[in-house]
Amino acid sequence: MTENPTPSSTPDHVRDRINTAQPHTARIWNYWLGGKDNYPVDRGVGDQIRSLHPGIGDYALADRLFLGRAVRHLVADRGVRQFLDVGTGLPTADNTHEVAQRIAPDARIVYVDNDPLVLAHARALLTSTPEGRTDYLDADLRDTATILEHAAKTLDLSKPVALMLLGVVIFIPDEGEALRLVRELMKELAPGSYLVLSHTITSPAMPDVDAAVAFWNEHGTPKLTQRTPEQVARFFDGLDLLEPGVVSCSRWRPEAGDTLPDEVAMYGGVGHKR
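Residues numbered from 1 in each chain as written. Predicted model: local features only at pLDDT ≥ 70, side-chain atom pairs only at ≥ 80, totals over all residues. Heavy atoms only, no water.

The name given to the protein chain in an unreviewed UniProt entry is Translation initiation factor IF-2, and the organism recorded there is Streptomyces violascens.

So this is what it looks like as structure tokens:
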């Protein structure tokens with residue numbers, strides 16, 4: 001595992017924002033997925049969380065596989081050619097543009113994240129087929145106006161767009177604000193657009209998840225907010241949910257070869273805007 005996951009070409013103003021002394025969610029997630037963009041402090045806390053909740057790696061993987069299945073379905077079966085991916089996370093295998101452009105080379109993707117380490121690796125997200133296009137914006141989910149203004153430079157917002165919010169709304173603790181932000185973004189997208197959202201849940205059947213999140217919130221940054229499956233489903237109010245609804249990410253249209261547990265503490269769904 002590399003001890004210096006930050007590219008040497010990273011500008012000083014970006015490098016200065018990267019705190020290597022405090023564990024960070026995106027880097028721990030990267031570690032659980034087998035990536036190399038993390039530091040010893042991230043791996044240490046990641047291992048401690050895994051000791052509290054041994055299945056944590058499964059739901060990190062389930063979330064990633066959910067992204068791939070959702071994008072493939074939207075491109076191949078629903079004709080979507082535009083994606084707005086907010087809360088991108090660190091680049092790994094099968095990023096949104098790679099999955100989409102493998103099926104439709106003309107697909108366009110705008111990535112949004114405010115993590116400086118993600119920004120440092122943004123060039124990995126900006127590769128594209130000649131027919132398509134990718135772009136990256138350094139911004140926070142709360143700044144919906146900036147996100148939409150920038151996205152309009154690459155995407156045609158008069159046509160359907162898939163809004164990807166995987167594991168990012170968990171960083172908005174106030175439920176009213178979280179719902180408002182998602183609705184503000186969806187409101188400006190054309191009819192025929194989609195919302196793809198995943199979220200860590202709390203459930204009496206998974207007390208070890210609550211313990212792991214409590215440990216994280218004590219030691220790491222940014223802090224996470226769990227919601228019940230019913231609360232996660234509220235993000236899709238006013239949209240037509242695609243089958244099988246809001247479920248464990250491992251149960252959202254599983255594909256041959258998937259070996260994940262039937263139930264993980266990451267729930268997701270896809271909703272269609274009429």
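(A) The arrangement of the layout of surface pockets in detail. Volume-wise, the largest pocket comes out at about 830 Å³. Forming the boundary of the largest pocket are 44 residues, of which Thr25, Ala26, Gly87, Gly167 and Phe171 lie nearest the centre. Listed by contribution, the elements that provide at least two residues to the lining of the largest pocket are helix 2 (25-32), helix 4 (56-78), strand 1 (82-86), strand 2 (108-113) and helix 9 (207-219). At six residues, helix 2 tops the list of elements feeding residues into the lining of the largest pocket. Here the residues of the lining of the largest pocket are counted per class, giving 27 nonpolar, 10 polar and seven charged. Taken as a whole, the second largest pocket encloses approximately 160 Å³ of empty space. Leu33, Leu61, Arg64, Leu65, Gly68, Arg72, Thr92, Ala93 and Asp94 together form the lining of the second largest pocket. For the lining of the second largest pocket, a count of residues per class yields four nonpolar, two polar and three charged. (1 Å grid on protein atoms, 1.4 Å probe; cavity = no way out; pocket = protein on both sides within 12 Å on 5 of 7 lines; lining within 4 Å. Points joined across faces, edges and corners; volume = space filled by probe spheres on them. Helix = DSSP H or I, 4+ residues; strand = E, 2+ residues; numbered from the N terminus. Nonpolar A, V, L, I, M, F, W, Y, C, P; charged D, E, K, R; others polar.)

(B) Expanded view of the nonpolar core. Ranked by size, the top nonpolar core spans 88 residues in total, and within it Phe83, Leu84, Leu163, Leu165, Leu195, Leu197 and Val270 carry the most contacts. Once you skip the residues sitting within four places of it in the chain, Leu195 turns out to touch Leu163, Leu165, Val182, Met186, Phe235, Phe236, Leu239, Gly269, Val270 and Gly271. (Core = buried A, V, L, I, M, F, W, Y, C linked by side-chain atoms within 4.5 Å. Buried < 20%, exposed > 50% of the residue type's maximum accessible area, 1.4 Å probe, protein only. Contact = heavy atoms within 4.5 Å.)

(C) Spotlight on helix 5 (residues 96-103). Buried residues of helix 5: Thr96, His97, Val99, Ala100 and Gln101, and no others. Those residues of helix 5 that are buried are in contact with helix 4, strand 1, strand 2, strand 3 (133-138) and strand 4 (162-166).

(D) Structural view of helix 8 (residues 175-187). Here helix 8 contains 13 residues, and its C-alpha end-to-end distance of 18 Å stays within 8% of the 18 Å for a straight helix at 1.5 Å per residue. If you check which residues of helix 8 are buried, you get Ala178, Leu179, Leu181, Val182, Leu185 and Met186. An end-on view of helix 8 places all buried positions within 160° of arc, on one side of the element. Its buried side turned inward, helix 8 meets helix 7 (144-151), strand 4 and strand 5 (194-200). Two or three places before Gly176, at the opening of helix 8, Asp174 has a side-chain oxygen 3.1 Å from that residue's backbone nitrogen. (Expected span 1.5 Å × (residues − 1). Arc of directions from axis to C-beta. Polar contact = N/O pair within 3.5 Å; in protein donor to acceptor, adjacent residues only side chain to side chain.)

(E) Here's a closer look at empty space enclosed by the protein. Across all of its chains, the model carries one cavity of 30 Å³ or more by this definition. Taken as a whole, the largest cavity encloses approximately 50 Å³ of empty space. The wall of the largest cavity is formed by Arg64, Leu67, Asp85, Thr88, Gly89, Leu90, Pro91, Asn95, Thr96, Tyr111 and Leu125. Considered class by class, the residues forming the lining of the largest cavity number five nonpolar, four polar and two charged.

(F) Looking closely at the pattern of salt bridges. Counting across every chain of the model gives 15 salt bridges. Arg50 serves as the salt-bridge partner of Asp47, at 3.2 Å between the closest nitrogen and oxygen. On the criterion of helical spacing, the pair formed by Asp47 and Arg50 is a turn pair, its members being three residues apart in helix 3 (residues 40-52). Taking relative accessible area as the criterion, Asp47 reaches 37% and is therefore assigned partly exposed. Note that Glu184 and Arg180 form a salt bridge whose closest N and O atoms lie 2.7 Å from each other. Linking Glu184 with Arg180, this pair stays in helix 8, spanning four residues, or about one helical turn. Through salt bridges with shared partners, a single network forms among Asp140, Arg142, Glu177, Arg180 and Glu184. (Salt bridge = Lys/Arg side-chain N within 4 Å of Asp/Glu carboxyl O.)

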